[in-house]
Structures are given as C-alpha cells and as structure tokens.
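Notes for the structure review
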Amino acid sequence: MLFENQEIRVKGTVQGVGFRPTVFRLAHECQINGEVFNDAEGVVINLAGSSAQIEAFVAKLRLNAPPLSKIDGIECRPTDKGRHYSDFRITESSKGQTSTEVTADAATCSACADEVMNPSERRYLYPFTNCTHCGPRLSIIQDIPYDRAGTTMRAFPMCKACASEYENPLDRRFHAQPVACHECGPRIFIPGECEGPTGPAKAAAMRAHTEAVLVRTVRALHAGDIVAIKGIGGFHLCCDASNHEAVRNLRRRKQRYAKPFALMCHERERISAYCQLGSEEWKVLSSPAAPIVLLDIRRDPINMPILSPDIAPGSNLLGFMLPYTPLHALLCQRFGGPLVMTSGNVSGEPQIIDNEEALLRLGHIADMFVCHDRDIANRIDDSVVRYMAGKPRVMRRARGYAPRSIQLPGGFDKAPPILAYGAELKATFCMLRKGSALVSQHQGDLEDLRTCEDYEKNLSLYQELFEFTPTQLATDMHPDYLSSKRGQCDADQGQLPLHQIQHHHAHIASAMAEGGLSIDHPPVLGIALDGLGFGADNTLWGGEVLLATYEGFERLASLKPVPMPGGAMAARQPWRNALAHVLAAMSYGDFVDRFGEIPLATVFADKPIGTVMAMMARGLNCPPASSAGRLFDAVAAAVGVYPDLIQFEGQAAIELEMLADVDAVIWGTVTGAYQFTVRQKDLAADGLPGLEVDAATIWLPLLEDIRTGVSAATIATRFHAGLVAALVTTVERLRADHTFGDVILSGGCLQNRILFEALNLQLSNRQFRCISHAEVPANDGGIALGQAVIAAARIAKDTKDIKRNSASSTVRKGSDHVFRNTGENNQHQ
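These numbers were taken from a predicted model, which means no experiment stands behind them.

Across its full length, the protein chain carries 25 helices and 31 strands. At 28 Å, the protein chain has a C-alpha radius of gyration in line with the 28 Å of a compact globule built from 829 residues. Taken along its principal axes, the extent of the C-alpha atoms in the protein chain is 90 × 80 × 50 Å. Among the 829 residues that make up the protein chain, the fraction classed as buried is 59%.

Let us look at unusual backbone geometry. In the segment running from Ala402 into Pro403, the intervening peptide bond is cis, with an omega of 10 degrees. Counting through the fold element by element, Pro403 comes out in the loop between strand 15 (391–396) and strand 16 (405–407). Even without being glycine, Leu125 reaches a positive phi, approximately 70 degrees. Within the secondary structure, Leu125 sits in the loop between helix 3 (110–117) and helix 4 (160–167). Positive phi is not limited to glycine here, since Gln767 has a value of about 70 degrees. Of note, Gln767 is situated in the loop between helix 24 (753–764) and strand 30 (769–771).

Once that is clear, we can look at the sheet that holds strand 15. As summarised here, the arrangement of the ten strands in space is 6-13-7-8-12-9-11-10-14-15, forming an open sheet in which the pairing is mixed. Strands with a single pairing partner mark the edges of an open sheet, and in this sheet they are strand 6 (188–189) and strand 15. Inspection of the sheet shows strand 9 (residues 262–264) paired to strand 12 (residues 339–343) by two bridges, in the antiparallel sense. Bridging across to strand 12, Met264 finds its partner in Leu339. Here helix 6 (residues 244–254) sits on the sheet in contact with strand 8 (235–240) and strand 12, set at roughly 145 degrees to strand 8. On top of the sheet, helix 24 reaches strand 10 (292–296), strand 14 (384–388) and strand 15; it is set at about 40 degrees to strand 14, its chief contact.

This part takes up the pattern of salt bridges. Opposite charge on two side chains permits them to pair, given that their charged atoms come into close proximity. On inspection of all chains with the given rule, the structure shows 41 salt bridges. Residues Glu349 and Arg361 are paired through a salt bridge, measuring 2.4 Å at the closest nitrogen-oxygen approach. Within this pair, whereas Glu349 is found in the loop between strand 12 and helix 10 (355–361), its partner Arg361 is found in helix 10, the two being separated by twelve residues in sequence. For Glu349, a relative accessible area of 22% translates into the label partly exposed. The salt bridge involving Arg718 is made with Asp705; its shortest N-O contact spans 2.8 Å.

Before going further, it helps to spend a moment on the packing of aromatic side chains. Counted under the stated rule, the structure contains 14 aromatic pairs. Ring geometry for Phe429 against Tyr455: centres 5.9 Å apart, planes inclined by 75 degrees, an arrangement best described as edge-to-face. Note that Phe429 is positioned in the loop between strand 17 (418–420) and strand 18 (430–433) and Tyr455 in helix 11 (residues 449–465), a separation of 26 residues in sequence. Taking 5.0 Å as the distance between ring centres and 85 degrees as the angle between the ring planes, the aromatic pair formed by Phe632 and Phe719 counts as edge-to-face. Of this pair, Phe632 sits in helix 18 (residues 628–638) while Phe719 sits in helix 23 (residues 712–735), and the two are 87 residues apart along the sequence.

The next thing to look at is the sheet that holds strand 4 (residues 70–78). One open sheet accounts for five strands, arranged 4-1-3-2-5; its pairing is mixed. Sheet topology places strand 4 and strand 5 (88–90) at the edges, where each strand pairs with a single neighbour. Ignoring strand direction, the axes of neighbouring strands in this sheet form an average angle of 15 degrees. The sheet contact formed by strand 2 (residues 33–39) and strand 5 spans three bridges and is parallel. Across the sheet, residue Val36 finds its bridge partner in strand 5, namely Ile90. Strand contacts of helix 1 (residues 19–29): strand 1 (4–13), strand 2, strand 3 (42–49), strand 4 and strand 5, with the helix running at about 175 degrees to strand 5, the strand carrying the most contacts.

In this section: the confidence of the model for the protein chain. Confidence along the protein chain averages 92 in pLDDT terms, with 95% of residues attaining 70 or more. Predicted confidence is poor over residues 809–822, with pLDDT under 50, and the contacts of this stretch with residues over four places away or in other chains come to 32 contacts.

Where like charges cluster on the molecular surface, the negative patch consists of Asp354, Glu356, Asp373 and Asp375. With respect to the secondary-structure elements, Asp354 resides in the loop between strand 12 and helix 10.

Here helix 13 (residues 503–514) spans 17 Å end to end across twelve residues, near enough to the 16 Å set by a 1.5 Å rise per residue. The element helix 13 is extensively covered by neighbouring structure, given that twelve of its twelve residues are classed as buried. Along helix 13, the residues classified as buried are His503, His504, His505, Ala506, His507, Ile508, Ala509, Ser510, Ala511, Met512, Ala513 and Glu514. In this structure Gln502 caps helix 13, since a side-chain oxygen of it lies 2.8 Å from the backbone nitrogen of His504. Among the residues trailing helix 13, Gly516 stands out with phi positive, at a value near 85 degrees.

Quick look at the nonpolar core now. Inside soluble globular proteins, nonpolar side chains tend to come together where they are buried. Ranked by internal contacts, the top residues of the largest apolar core, which has 82 residues, are Phe591, Leu702, Leu703, Phe719 and Leu763. Per element, the largest residue contribution to this core is eleven residues, and it comes from helix 23. Excluding its chain neighbours within four sequence positions, the residues that come into contact with Leu702 are Val635, Ala638, Tyr674 and Ile715. Within the second largest apolar cluster, 45 residues are counted, among which are Ala107, Ala180, Cys194 and Leu327.

Another point: the pairing of strand 7 (residues 227–230). The side-chain alternation of strand 7 yields two buried faces, one formed by Val227 and Ile229 and the other by Ala228 and Lys230. Relative to strand 8, strand 7 is paired through four bridges, and the arrangement is antiparallel. Note that in strand 8 the partner of Ile229 across the bridge is His236. Where strand 7 folds back on strand 8, the antiparallel hairpin that results is connected by four residues, among which Gly234 adopts a positive phi of roughly 160 degrees. Taken together, the three bridges between strand 7 and strand 13 (residues 368–372) define a ladder with parallel strand orientation. Bridging from a neighbouring strand, Ala228 pairs with Phe369 of strand 13.

In this section: the environment of Val340. Within the element layout of this structure, Val340 appears in strand 12. With 118 residues separating them in the primary sequence, Val340 and His222 have C-alpha atoms 12 Å apart. Setting aside anything within four residues of it in sequence, one finds Val340 in contact with Leu237, Cys238, Cys239, Ala241, Val247, Leu250, Phe261, Ala262, Leu263 and Ile311.

Here the focus is the pairing of strand 3. With respect to burial, strand 3 is a largely interior element, eight of its eight residues being buried. Sheet analysis places strand 1 next to strand 3, joined by seven bridges and oriented antiparallel. Its bridge partner lying in strand 3, Asn5 is registered against Ala48.

This part takes up helix 3. All of the buried residues in helix 3 are Cys112, Glu115 and Val116. For helix 3, the arc enclosing every buried residue in end-on projection is 100 degrees, short of the 170-degree limit, so these residues lie on one face. Exposed side chains of helix 3 directed beyond 90 degrees from the buried face belong to Ser110 and Asp114. Taken together, the buried residues of helix 3 touch helix 9 (326–335).

In the structure shown here, the tally under the stated rule is zero disulfides. A disulfide-free cysteine, Cys489 has its sulfur positioned 12 Å from the sulfur of Cys452, the nearest such atom. Take Cys489: its relative accessible area is 33%, and that puts it in the partly exposed class. Looking at the unpaired Cys770, the closest cysteine sulfur is the one in Cys749, lying at 17 Å. A relative accessible area of 18% places Cys770 in the buried class.

Cut-off values and rules
- The residue numbers shown here count from 1 along each chain, following its written sequence.
- In keeping with the predicted nature of the model, local features appear solely for residues at pLDDT of at least 70, side-chain atom pairs appear and are counted solely at 80 or more, and the whole-chain, interface and lining totals rest on all residues.
- Water and hydrogen atoms play no part in the side-chain values, which are based on all heavy atoms of the structure.
- Numbered from the N terminus, helices here are DSSP runs of H or I no shorter than four residues, and strands are runs of E no shorter than two.
- Only the C-alpha atoms count toward the radius of gyration. The rule for a globule is 2.2 Å times the residue count to the power 0.38.
- Partly exposed residues are those whose accessible area sits between 20% and 50% of the maximum for their type, while under 20% is buried and over 50% is exposed, using a 1.4 Å probe and protein chains only.
- Strands pair, by our definition, only if DSSP identifies at least two bridges between them.
- Throughout, a residue-residue contact means that at least one pair of heavy atoms, one from each residue, lies within 4.5 Å.
- Axis angles are defined between N-to-C directions and span 0 to 180 degrees, where every axis is a line fitted to C-alpha atoms and, for a helix, only to the segment in contact.
- Whenever Lys or Arg places a side-chain nitrogen within 4 Å of a carboxyl oxygen from Asp or Glu, that contact is recorded as a salt bridge.
- When two rings of Phe, Tyr or Trp (its six-membered ring) have centres within 6.5 Å they constitute a pair, described as stacked for plane angles under 30 degrees, edge-to-face for angles over 60, and tilted for the intermediate range.
- The quantity called pLDDT is the predictor's confidence in a given residue, expressed from 0 to 100.
- Two distance rules govern patches: like charges are joined within 9 Å, and nonpolar side chains (Val, Leu, Ile, Met, Phe, Trp, Tyr) within 5 Å, applied only to residues with over 30% relative accessible area and no salt bridge.
- Surface accessibility in these figures is a Shrake-Rupley result with a 1.4 Å probe; residues are shielded only by whichever protein chains are displayed.
- Charge assignment: positive for Lys and Arg, negative for Asp and Glu; neither His nor the chain ends contribute.
- Note on charges: their place is set at NZ of Lys, CZ of Arg, CG of Asp or CD of Glu.
- Helices are assigned an expected span. That span is 1.5 Å times one less than the residue count.
- N or O atoms within 3.5 Å of each other form a polar contact, as long as, within protein, one can give a hydrogen and the other can take it, and as long as residues adjacent in sequence are counted only when both atoms are side-chain atoms.
- Buried residues of nine kinds, namely Ala, Val, Leu, Ile, Met, Phe, Trp, Tyr and Cys, make up a nonpolar core once their side-chain atoms join them within 4.5 Å.
- Note: the arc covers the axis-to-C-beta directions of the helix.
- By convention in this document, the label disulfide applies to cysteine sulfur atom pairs within 2.5 Å.

Spelled out as structure tokens, the structure:
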C-alpha cells in the first residue's frame with residue numbers, strides 16, 4: 001500500500017468547539033496516523049496514510065463536524081516533510097500561536113439532556129450539565145486564553161471523575177472548560193429559604209437539594225407567583241403563561257405595559273397547539289442557538305389552557321423558545337405548560353446578572369428567586385428570529401449567535417483591523433480583520449446609562465479576548481450618538497483614522513456583505529426604510545433609495561420630507577406625525593370641515609394643536625424627515641392605534657402590521673390601495689435631482705375610509721399595499737436611467753413581514769435580485785457591520801489610488817467615488 005503525507009487545514013469556527021477530539025475519533029475510525037493541533041488560522045491536521053484513507057477521513061470530517069463548529073474551508077495539500085507517525089495524537093499548540101476563539105453559548109445538547117433526565121446517570125438532575133457541544137461560553141469568559149482559569153468556572157475545581165472526562169480525547173467532555181457535576185460544580189439555591197449544603201457535598205445530597213428547589217419553584221409558579229431565575233446570560237422573570245393575574249402583575253410590577261413577553265416551553269406539540277409551527281421554524285427553535293422564534297398565533301388553541309391575552313397585546317405573534325439550559329429543562333418538564341420568560345430587569349434597563357443586584361433591584365417584582373453561584377461574566381440577551389421569505393431572519397442577535405464571526409466576501413481579506421461602533425439604538429459594535437467580521441451581541445439602547453456602561457465594558461473586553469488592535473475606526477455620521485462620540489474620542493486619543501458613515505448607506509452595505517457581494521461589486525439599488533438616520537445633507541432621513549457600492553452612494557429617491565413636530569417627542573407620540581402628514585395634504589380647517597367627526601379629530605382636539613402648528617409654521621423644533629417609521633406611526637394614529645403615546649419603539653407600526661391582510665398585500669390582490677405620488681423632486685428644495693415618493697395623496701381617501709366606517713384592518717391593508725406599489729414603481733422608473741440588477745432591502749421597517757415579503761416577491765417577479773439580511777438584523781443591530789465594510793472598501797480604494805498615482809506621472813482627475821451626495825468624512829488621514 002502506497003502511503004503519503006498530507007496537510008489538511010480547516011478554517012472557520014473550529015477552535016473551542018470540540019473539533020480536535022472529533023478529528024481524533026475519526027482518525028481512529030479510519031485507522032490513519034498523524035496529529036492535529038490549533039494554529040493562528042484554525043486547525044491543522046497532518047496525516048500519513050493511503051490516498052483512500054485520507055479521502056475517507058476528509059469525507060467523514062465534512063459530514064461529522066461538531067455541532068458548534070462552522071467550517072469555512074478545508075484545504076488539502078501533499079507535504080514532503082516525510083513525517084512518520086505510529087499513532088494519531090492531539091498536539092498542544094504553542095503559546096502565542098493560536099488565534100483566540102470564543103464561541104457562542106449553546107443550548108443543551110441531546111446527550112447532556114438525556115443524562116440530566118436519567119436517574120442512572122451521575123449528572124441526573126444536575127442543572128449545569130454541559131460538554132464540548134453545549135453550554136456556556138461567552139457568558140463565562142473573563143480572560144484569555146480560553147481555559148477554565150480564565151472563566152468564572154475557576155472557582156470550581158474539577159472532581160476526579162470530571163477531570164478524567166476532561167483529559168480523555170475520546171470523551172465528548174475533552175477540554176470542555178465548564179465541565180462539572182453535583183460534587184464539584186455550581187449549585188442552585190433559593191436565597192434565605194433553600195440554600196443547600198455548605199462546602200463539599202456528596203452527589204446524593206446535592207441531588208436532593210436540587211429536587212427541593214425545583215419542587216418549591218414549580219409550586220410557586222402554579223400558585224401564580226413571579227419567580228426570578230438566573231440563567232446563562234442573566235436573570236429572567238418567570239410566571240405561568242396561562243395565569244392572567246400573574247401575567248398582569250408582572251406587567252404592572254415591571255412597568256412593561258405593552259411590549260410582548262417571550263415564552264418558554266419544552267414540547268413541540270404544546271407549542272404547535274398555540275402557534276403555526278412548521279418544520280423550518282422548529283429547526284431554528286431546536287438549533288444550538290435556541291433563539292426566541294416569532295410564530296403566528298392559532299386563534300383556537302388545541303386542547304390546551306388559554307394563554308393570557310396580556311402576553312402579546314395587539315400582536316398576532318407569540319415568541320417561543322425551548323429550554324436551553326438543564327435548569328430550564330427541569331423546570332419546564334415539571335411545570336408542564338408554557339412559562340413567561342422575560343428579561344430580569346426594570347423596563348428600559350439591561351438584564352441583571354448579579355445575585356445581590358437582582359435581590360436589590362428585582363425585589364419589588366419577584367415573589368421568589370432561584371439563583372446559582374456561577375458568576376455571569378458577560379450579559380447576553382436572548383436572540384430573536386422571525387421566518388420570512390423562506391429564511392430565518394435574526395431580529396436581535398445575541399445568545400447563541402454572538403460572537404460567531406461572519407465570513408466576508410471577496411476583497412475584504414486585505415483590510416486592516418477596523419473597529420466600527422454601531423448606532424445609538426439596538427447598539428452593537430463590529431471588529432473586522434482578515435476577511436471576517438465579528439459583530440457583538442445586542443447591547444441595547446445607549447441612551448440608558450447602565451446599557452452604555454455595559455457597551456463600554458464589552459468594547460474593551462472583546463478587544464482583549466480576540467487580541468484585536470484596530471488601526472482604523474468607523475462611526476455613524478450622527479454627531480450626538482454616544483457610539484459616535486466614543487469613536488471620536490478613541491480616534492483622538494489613538495491618532496487613528498476615523499470614517500464617518502452615513503446611516504442608511506451602512507444599512508445597505510451590511511446586507512451587501514451578508515449577501516456575499518464582493519468588494520468591487522457593481523452598484524446596487526438599496527431601499528433603506530427606518531425611523532431616523534442622520535442624512536448626508538444634515539437633515540433627517542428614513543425612507544431612502546440609494547444607488548450604492550461599498551465605497552459610496554447617490555440618493556436617487558426618498559419619501560418626501562414631513563416635519564416632526566417636537567423633534568424626538570414625535571417618535572413617542574404618534575398623533576404628532578399624524579397631524580404633520582394631514583397638514584401636508586390639506587389645511588387644518590379643511591380637515592375639521594370634512595372629518596371633524598372622526599376619532600382622529602377628537603384626538604387632535606385634546607392636544608395643543610395651535611402651539612404645534614405655530615411651531616411648524618416657524619420651523620421651531622420641527623425638523624423635516626423622510627422617515628418611513630414616522631409615516632407608519634401617522635397612519636397607526638389615524639386608525640386609533642396608540643395615537644397618544646407608545647410604550648416602546650415601533651409599537652404603533654407593529655400593531656398596524658398586525659391589522660393588515662398578509663396574503664392580500666404580498667400577492668398584490670388588494671382593492672382600493674392608497675395611491676402615493678412618485679415624481680421628480682423639486683430642485684428648489686435641495687438642488688439635487690431625484691424622485692420623491694409623496695404620501696400626501698393617500699390621506700384624503702384614507703380619512704374618507706375612516707369617516708365612512710371602513711375597518712382599521714382594511715385601511716392598514718390598503719396602506720401597506722400602496723406603499724409597496726409606490727416603492728416598486730420607484731425602482732422601475734430608476735431602472736430606466738441607471739444600471740443595476742440587485743435590490744437591497746434593509747432598515748428596521750423591513751422587519752415588517754408584509755412589507756418585506758411583498759417587496760421581495762414583486763421585485764423578484766420583475767427580474768430584480770433581492771438581497772437582505774438573515775444573520776444580522778435589518779434594524780440598527782446591523783449598522784456596525786455596514787460601517788466596517790464601507791471603511792474597508794474605502795481603505796482598499798485609497799490604497800489602489802496611491803499605487804496607481806505613484807506608478808504614473810499623470811494623475812487622473814476625479815475619483816472612483818462616482819456618486820454624488822455621500823457627505824461622509826474620513827478624519828485624521
């Protein structure tokens with residue numbers, strides 16, 4: 001038999017996920033000798049065997065990769081080093097050679113779940129059972145390298161049995177840093193009531209203690225109590241989802257009066273009884289990420305207790321997740337039905353992670369606490385996913401997904417290390433290097449002091465954990481974003497180049513990168529619809545159609561700007577937007593004469609209309625904005641959806657979506673859709689050509705529908721259909737004068753399933769290729785990725801220009817930034 005030596009290099013998420021033990025096992029199955037070790041690029045496997053053995057090994061490796069790994073590429077090449085191996089072994093990597101790899105926290109795998117539920121297993125009832133395929137990762141790490149001493153598990157020395165598993169390459173707990181059991185690991189307890197044994201304890205005593213905690217907790221939940229439960233990434237507040245009084249108490253105490261609560265349930269059949277649960281949604285629910293999945297409600301639950309209507313008021317969706325830790329699984333199994341499982345915080349603040357802080361700050365909300373003694377190093381919220389247009393779309397990227405890297409398309413591999421600071425709301429940050437982007441977990445809204453402090457802490461932590469030293473920085477153009485101020489400060493202190501990126505350009509570039517468009521891809525047409533973003537002309541944008549590359553953009557169309565009376569107050573009080581839009585269509589006198597009897601007129605009558613109209617006339621704190629989000633708010637207010645005040649961002653727009661007929665809008669069968677006007681922009685406005693989409697023409701028929709008693713559902717349907725038609729018309733008109741084949745769909749408004757799927761279908765039917773988000777959110781959670789790739793593309797272009805100019809004595813005038821109106825700046829260059 002002819003033997004050969006081959007070096008196999010595996011790139012991707014392949015460190016810290018049990019990859020080397022898997023290679024070890026497969027090599028033994030294939031009876032092949034060699035070694036495996038980590039290096040700075042991934043995993044290296046040196047093999048000595050026949051070509052048939054090596055081919056069989058590689059085929060098995062592709063099919064049997066560990067569940068938490070993500071293989072980006074396998075390269076095989078013959079080597080003439082002539083190594084001789086008598087066996088196969090795992091070789092320790094030299095210190096300083098390996099790239100730091102921290103993976104996402106993962107839901108309990110089936111093997112560990114079976115152990116927890118099996119009385120004959122030594123980890124029966126152990127709430128912290130894990131292995132290399134599951135368990136905490138990012139939530140426990142404090143230092144590099146990623147080993148037990150650098151995590152919050154350092155406080156729990158392994159017992160002899162756990163150490164034996166940890167050291168055995170054929171065991172699935174080989175080098176699983178959080179490995180533990182009843183005798184040596186963390187324990188749960190009820191403060192002041194069921195503390196458990198102190199000091200070392202035998203497994204039987206700890207099992208009995210765990211059982212007592214579970215029994216007491218389940219009894220409290222059945223009694224209607226609210227229980228604060230410490231999980232992987234923070235505390236949850238939990239109650240019986242079918243107990244209306246308990247759910248109502250939770251809302252009142254938490255001061256979260258409207259935003260939907262998440263639910264947790266352990267059985268597919270039970271979830272299916274309440275929601276439309278297809279095989280694809282189940283696949284996402286039961287994945288290692290175990291996110292909250294938004295599912296369409298069944299209006300007639302099948303042989304199940306009725307859930308409280310206060311779980312998701314005004315919504316046709318329920319957000320379910322499966323138990324993702326052994327503790328959750330044990331509680332859900334014993335309780336039986338769905339549990340509310342919402343973040344353990346006071347509304348508007350970040351999730352609490354510390355036991356003492358939870359007792360102090362959640363004591364007025366929770367009737368009981370279930371804590372544990374493993375510290376949480378890093379706060380991580382639950383991720384949220386919605387299945388739209390044939391794909392699971394991440395709406396909030398956190399536990400289970402972050403900090404998984406995103407492989408970037410061609411051309412980004414030469415980019416220097418870039419740190420992008422993201423936006424103000426739904427903040428994330430992004431670190432780009434060597435052709436991949438690492439986007440942080442969802443941080444929250446930086447307007448909250450505690451959230452901002454956590455953002456600052458994580459910026460430093462990520463740079464340390466991933467040994468990342470940026471040489472270029474990128475921020476949003478908005479000068480008052482706290483993320484922009486932090487980026488500016490870091491640029492000043494470090495004397496680093498700072499790229500200020502327009503908000504909607506970043507939205508579009510984020511989707512381009514995720515969609516696999518190379519750095520030199522031809523221009524695309526990007527539709528970015530959201531609440532607000534700082535425009536290149538120093539006005540507020542939010543309904544944009546841009547011809548874009550990574551390097552730059554040209555604003556070809558937008559919604560016609562309408563004042564935002566009161567500025568930021570208009571984002572919280574939809575009646576203000578309704579008034580501004582009505583006044584853009586008619587005088588207030590005409591409105592009162594024709595529609596003085598409708599509910600919207602009554603709303604206006606109770607407000608300081610005179611003062612607001614005077615402010616608008618004088619342009620005082622009434623900035624014009626081309627905002628799609630504020631248009632949705634205006635229509636929602638007109639049909640009576642939260643006209644006075646919204647409780648959370650997007651509340652009115654979300655409920656307006658819930659009212660509309662999904663299928664009619666998507667398939668284009670709506671009669672009486674409201675007609676927007678698409679026309680050439682008045683050059684006197686800003687001196688720049690382009691199209692504007694004017695909503696003024698929808699208001700007369702819309703208000704007439706209200707006056708004549710047309711249902712809010714029909715009005716919402718006609719509005720959605722009219723907006724889709726206007727955008728499709730805009731795209732088709734632009735195709736006549738511009739060359740593009742790809743249409744990018746991005747921005748928070750395009751997390752509206754009706755709007756997104758209708759645009760996606762109707763543009764695809766017109767031979768456009770629609771590209772949007774899946775791995776990162778379409779909302780501001782994806783902005784940081786867009787900022788990073790735009791900065792990288794501009795750096796690459798500048799480098800090419802320098803080389804071109806140095807090679808020629810004739811410098812060509814102009815630049816490859818052929819687009820007008822970018823308004824974006826590079827500082828310190």
